[in-house]
Amino acid sequence: MLMTARSGSAAAAVAGCSAQRPRRPAGQHNALSRRNVARTRRQTSAPLAAGASAATAADAARKAGGSTDGSSDSLTQRMFRQMEQNQAAGAQALGAGGSTSYQALQRADAAWRDLRTRMVWGPRPQFVRETGQKLEAAPEYDVAVCGGTLGIFLACSLQLRGLRVAVVERGPLAGRAQEWNISKKEVEELVELGVLSQQDVEASISVEFNPVRVGFAGGSDLWTRDVLNLGVSPARLVAAARARFEEAGGVVLERTPLSGMVVHPNGVALQLADSNSGSSSNGAAAGAAQSQQQQQLTARLVLDAMGHASPVVQQVRWGQKPDGVCLVVGTCARGFDPAQNTTGDVIYTCTPSQPPAAAGSSGDAAAAAAAEAVNNCQLFWEAFPAGSGPADRTTYLFTYLDASPSRPSLEALLSEYWRRMPEYQGVKLEDLQMLRILFGWFPTYRDSPLAPRFARVLQVGDASGIQSPLSFGGFGALTRHLGRLTAAVAEALEANSLDARSLALINAYSPGLSGAWMLQRAMSIPADLRSYRTDFINRLLAGNFKAMEKLGEPTLKPFLQDVIQLGPLVRTMGQQMVMEPLLVPQILLRVGPAAMADWLLHLLGLAAYTFLDWDLKKYEPLVDKLPPKPRFIMRRTLENIKFGAGKDYRL
């Protein structure tokens with residue numbers, strides 16, 4: 001096949017995407033002619049003299065992707081300008097990703113470059129400080145939630161439990177004007193907790209599509225339904241949750257940055273930066289919260305919902321490079337055929353990975369320059385209709401890698417996106433109207449979930465690392481754990497179990513989460529690896545999903561939603577070993593014996609948790625009869641076993 005016959009050339013890394021792409025269901029297939037493909041490549045590749053050095057090639061690739069020397073605009077800059085013109089003209093996009101700019105891309109790349117190249121870290125920041133002196137007065141709130149865009153849902157759930165809750169948000173507390181993709185059963189968990197009404201959920205759905213596809217180069221397509229097939233409006237969801245939160249007496253302080261926290265024996269004092277802070281609330285607390293002179297807020301417990309860039313997380317993980325990173329770029333664009341823009345791709349590949357030798361072996365110097373940016377990367381796609389219009393579609397290009405200094409920038413990955421996306425989606429770049437340009441990088445760590453390091457401060461959501469190293473968190477990860485977190489926080493406050501060791505029981509070891517690292521490791525390529533089978537990742541994933549397809553939805557759907565269960569995992573492994581018995585030794589060679597041994601330990605942990613969940617269920621009615629502290633410990637133990645075994649999942 002084309003991907004194996006030409007895997008040693010840079011041209012092969014780009015060519016053949018449409019040709020290899022298995023057919024969609026009838027009436028849903030697009031393809032570019034060879035003439036259009038060639039024209040698109042010429043328009044999106046930077047010129048490079050033949051025989052240029054690797055350093056010159058890499059520099060040309062960076063310029064193609066958006067860096068500039070000030071003398072001329074790059075394609076990426078032109079695309080950003082087009083997007084800004086479209087937004088000024090009133091084009092509205094609800095597709096995934098926020099309103100961004102070329103300057104924001106440069107800032108994101110500067111942070112990513114600093115992370116992977118920094119050698120000297122300097123003194124650890126002291127955003128959180130501890131003192132033995134008690135607060136003079138009792139804390140104003142039971143819980144302060146820092147970070148409101150996702151934190152508002154947990155805050156509302158806690159407020160409905162009768163707790164006094166405040167939300168602190170450095171900007172306006174409002175969801176972005178774009179969609180979150182989610183499965184319907186996940187968002188309906190918010191209804192079960194009372195955070196949203198069914199009417200709120202229905203009103204937030206801007207697009208629904210089926211079926212969705214999983215496919216890998218060289219394999220057959222797998223089509224399923226009702227997985228990440230809804231586009232919901234964050235603006236509507238956040239507004240609805242906020243309204244319910246405030247109706248229940250909750251307090252919102254928006255446009256209120258934090259400058260630090262001080263942990264006292266009886267509470268936490270949040271230092272509020274001097275800004276044009278605003279708030280809305282009910283009751284007597286409103287006046288105090290609205291005061292422009294208020295520089296401190298006190299609470300018994302702080303929930304850090306500020307994401308992976310949280311200053312608390314940065315303090316705890318100072319000097320630690322992430323074990324895995326996901327780089328993501330993409331667009332929400334208008335100009336697709338509405339008759340064919342009715343399905344989504346959850347994860348898809350149409351090329352092999354790109355080895356280092358390929359850049360120098362191509363006769364096309366410009367293509368070699370761009371390809372060098374993604375050396376030792378396997379590129380994945382995700383795409384789905386956007387709710388802003390029938391011709392609008394969101395398309396992501398992403399890759400899993402480590403934080404080695406040689407890894408590509410977001411600009412370089414955008415260069416690859418401009419070159420490869422038209423062929424993948426069956427469109428011409430010049431026929432698309434760019435509504436949003438999307439980019440980001442998301443770190444993840446093996447020692448996750450993050451154990452609390454301070455009393456009375458608990459990470460939740462992406463800040464906690466509770467998300468899978470494959471999905472890198474977000475709204476779906478929060479909804480899965482919302483009920484568990486609500487009960488855990490309420491019981492911790494009731495039992496006054498707010499020391500770091502007790503809070504660690506809430507974010508405890510999860511064998512399912514830790515075991516997912518094996519697949520993340522297999523889906524990424526070490527930066528210094530010089531020779532390998534470029535079709536390995538595609539073969540591994542194609543075989544994996546083929547086995548799950550044979551085993552049916554009870555095996556497939558939990559995995560697609562980042563839930564690892566023992567039965568489906570063992571059955572999938574057994575099925576895949578029967579189909580490809582030689583693949584297991586190849587996996588061992590690829591990931592190494594240490595990683596394989598580590599995974600086997602987590603597999604044993606998954607088996608133990610699965611057995612314990614079955615065995616300990618009979619004790620659940622007895623837990624309610626225990627005093628507060630033992631009840632808190634036992635409830636967390638049972639919940640950790642249940643979630644660690646993936647037994648919380650409902651098909």
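The structure contained in this document is the topic of the report that follows.

Rules of the game
- Residues numbered from 1 in each chain as written.
- Predicted model: local features only at pLDDT ≥ 70, side-chain atom pairs only at ≥ 80, totals over all residues.
- Heavy atoms only, no water.
- Axes fitted to C-alpha atoms, helices over the stretch in contact; angles between N-to-C directions.
- Helix = DSSP H or I, 4+ residues; strand = E, 2+ residues; numbered from the N terminus.
- Parallel < 35°, antiparallel > 145°, perpendicular 65-115°, else oblique.
- Contact = heavy atoms within 4.5 Å.
- Nonpolar A, V, L, I, M, F, W, Y, C, P; charged D, E, K, R; others polar.
- Pairing = 2+ DSSP bridges.
- Salt bridge = Lys/Arg side-chain N within 4 Å of Asp/Glu carboxyl O.
- Buried < 20%, exposed > 50% of the residue type's maximum accessible area, 1.4 Å probe, protein only.
- Core = buried A, V, L, I, M, F, W, Y, C linked by side-chain atoms within 4.5 Å.

**What about the packing of helix H7 (residues 102-117) against helix H16 (residues 410-425)?**
- In the contact formed by H7 and H16, the axes pass within 9 Å of each other and the chain directions differ by 120°. Relative to H16, H7 is oriented oblique. Along the contact surface, H7 presents Tyr-102, Leu-105, Ala-108, Asp-109 and Trp-112, while H16 presents Leu-410, Glu-411 and Leu-414.
- Residues belonging to the contact of H7 with H16 are distributed by class as follows: 6 nonpolar, no polar and 2 charged.

**Concerning the sheet that holds strand E4 (residues 180-182)**
- Taken together, 3 strands build an open sheet; the order of strands is E4-E8-E5 and the sheet is antiparallel. Each having just a single partner strand, E4 and strand E5 (205-208) make up the two edges of the open sheet. Across the sheet, the axes of successive neighbouring strands diverge by a mean angle of 25°, strand direction being ignored.

**Some details on the pattern of salt bridges**
- For the structure on display, the rule yields 26 salt bridges.
- In this structure, Arg-446 engages Asp-598 in a salt bridge whose closest nitrogen and oxygen atoms are separated by 2.4 Å. A residue pair is termed long-range when its members are at least 10 positions apart, and Arg-446 in the loop between strand E18 (433-444) and strand E19 (457-459) and Asp-598 in helix H24 (residues 593-616) qualify at 152 residues.
- Judged by relative accessible area, which is 24%, Asp-598 ranks as partly exposed.

**Details of the nonpolar core**
- Judged by nonpolar contacts, the single largest core of 47 residues is most densely connected at Val-143, Phe-153 and Leu-303.
- Ranked by residue count, the leading element in this core is helix H17 (residues 475-495), at 10 residues.
- Discounting chain neighbours no more than four positions away, the residues touching Phe-153 are Trp-180, Leu-190, Val-195, Leu-237, Val-238, Ala-241, Phe-475, Leu-478 and Leu-482.
- By size, the runner-up hydrophobic cluster in this structure holds 43 residues, among which are Phe-380, Leu-583, Ala-595 and Leu-606.

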